[in-house]
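# Coordinate inspection notes
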Amino acid sequence: MMPRLNAALLPSLPAEVQRPLYDRDALETGIVHIGLGAFHRAHQAVYTEDALNRAFGPWGICGVSLRSPETRDALALQDGLYTVVSRGADGERLRVVGAVTECLVAPEAPDTVLERLARPAVRIVTITVTEKGYCHEPATGSLDERHPDILHDLAHPDRPRTLPGFLVEALDRRRKAGLDPFTVLSCDNLPGNGDVVRKVLHRFAEIRDPALARWIGERLACPNSMVDRIVPATTPEDRSAVSRRLGVSDAWPVVTEAFSQWVVEDHFPTGRPAWEKEGVQMVRDVRPFEMMKLRLLNASHSCIAYLGSLAGYETVARTIADPAFAGFIRKLMDQEVTPTLDLPEGFDVAAYKDALLERFANPALKHRTLQIAMDGSQKLPQRLLGTIAERLQAGAPIDRLALGVAAWMRFVTGRDEQGAPIEIRDPLAGRLSAIVAETGPEPARLVPGLLEITEVFGKNLPANPAFTGTVTQALERLYARGAQSCVEELA
Ligand code: CS2
């Protein structure tokens, strides 16, 4: 049996595998990361690792999982080490990352998590908890004050479960200890992710204690950031392939593409790693970048997820290899999305879109359509609905965007085109299935039924006949002819 990857084995790894160049034993923790998933480990942790390799500093990462112990269980046996495999046109590259100094599982040890967050040496809290982790209403960005876990955390501040619960309690402890707040850096796919987290934390604090809310309002920095790297869930085959190449067993590698981008607003009052030397774009205003990324990359992804899975495709690469889908996505981007973008200055959007199609086509990434289809209720607003609202205001057509929304509606009926069940993984799954059970699949009833979810659709779109009409017709066509044919028609 192969030995398990660990610190003592680093020197014996194959020469081409990059590894930490700094003294890991001397690494202090300066960052707490909430949401220790594959994305963080392939993205922010890699930039920090590069910064540590170039110039050592107190920027070790304490990773916190808000739910599952899996990552901690695996990394604990590997001294926090894991492999990042990037696969691109020029082959495969492996590196072992050492920046994660400690892993915690919040439900097992909320006290320890709060204690770490309150440590003076911690200066940054990075976050990847996905859209639903903010406990906000997707349509407005405000704290969902009826969220059961938020109610729990307000009642039990010292045993929190949610992101706002942990951060606000930790900030309160820092304030009482006379410390500076940490900088909160959201790395989730939300427009104005820093503004969202600030709003949610501020409101949560306000309900707890107005003085704390005031301190947060005056002192807390929450820079916005745009993150981009495609990181599919790791498969058992990935694990064995990586272990074979390393010659030691890594139970928790991440597989990603060569491309990586991070654009961050440079507002870190208590310091940060020199990320800008590692390719991070430090800017004054992230909005044009994130709007472009959410509306082009993520919107396309969601359309591929719903239409592609309905058409029977298992991965993004397989979907986009179908010329009808490639044509549909290109037209969606060119005709319906690009005119709504306020692009970063001097930006070559045509090249950006070419690159996106190439990235989607990467056959080495098995990015499952069903993975991206998850949590649609939390994703639609920033990926499709905002663009639709602006198009309608301009009197412009929305056929492809509306087909994407209709495909989501078709998907959440919980049956695919062959009548087989689809498991709906979404924080609103219960509500969605109750609506579907009540209205039945008939578009004339299902569309208005789903549009009643105002936290997702807001109030304006459901009242706009141009929107409801186009989506209803698209859904009728999806039922009558299937996703493949609807995509061909608009390719
Ligand atoms: C994807 C994203 O799962 C999804 O919803 O659209 O995770 C996407 O892969 C990343 O945003 C790429 O940067």
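See the structure shown above.
I will try to describe carefully the structure that is included in this document. What you see is a predicted model, and the numbers here were worked out from it, not measured in a lab.

Here is what the cut-offs are and how they apply
- Residues numbered from 1 in each chain as written.
- Predicted model: local features only at pLDDT ≥ 70, side-chain atom pairs only at ≥ 80, totals over all residues.
- Heavy atoms only, no water.
- Core = buried A, V, L, I, M, F, W, Y, C linked by side-chain atoms within 4.5 Å.
- Buried < 20%, exposed > 50% of the residue type's maximum accessible area, 1.4 Å probe, protein only.
- Helix = DSSP H or I, 4+ residues; strand = E, 2+ residues; numbered from the N terminus.
- Domains from an automatic or database assignment.
- Contact = heavy atoms within 4.5 Å.
- Salt bridge = Lys/Arg side-chain N within 4 Å of Asp/Glu carboxyl O.

### Considering the nonpolar core
One finds Leu307, Met409, Phe457 and Phe467 to be the most contacted residues of the largest nonpolar core, which totals 84 residues. When residues of this core are assigned to their parent elements, the largest contribution, 11 residues, is made by helix α10 (residues 287-310). The residue makeup of this core includes at least three contributed by each of domain 1 (7-283) and domain 2 (287-490). In contact with Phe467, not counting residues within four places along its chain, are Leu385, Ile388, Leu392, Ile398, Val405, Leu451, Phe457, Leu461 and Pro462. Counting residues in each nonpolar core, the second largest holds 39 residues, with Leu66, Leu163, Leu171 and Leu212 among its members.

### Comments concerning the pattern of salt bridges
Applying the stated criterion across every chain, the model contains 37 salt bridges. Between Glu108 and Arg72 there is a salt bridge, and its shortest N-O distance comes to 2.8 Å. Of this pair, Glu108 sits in the loop between β5 (100-105) and α4 (110-117) while Arg72 sits in helix α3 (residues 70-76), and the two are 36 residues apart along the sequence. The closest approach of N and O atoms between Asp334 and Arg330, which form a salt bridge, is 3.2 Å. Of the two residues, Asp334 and Arg330 both sit in helix α12 (residues 323-337), four residues apart, roughly one turn of that helix. Taking the relative accessible area as the measure of exposure, Asp334 reaches 31% and is therefore partly exposed. A single salt-bridge network, built from bridges that share partners, covers Glu169, Asp172, Arg173, Arg175, Lys176, Arg208 and Asp209.

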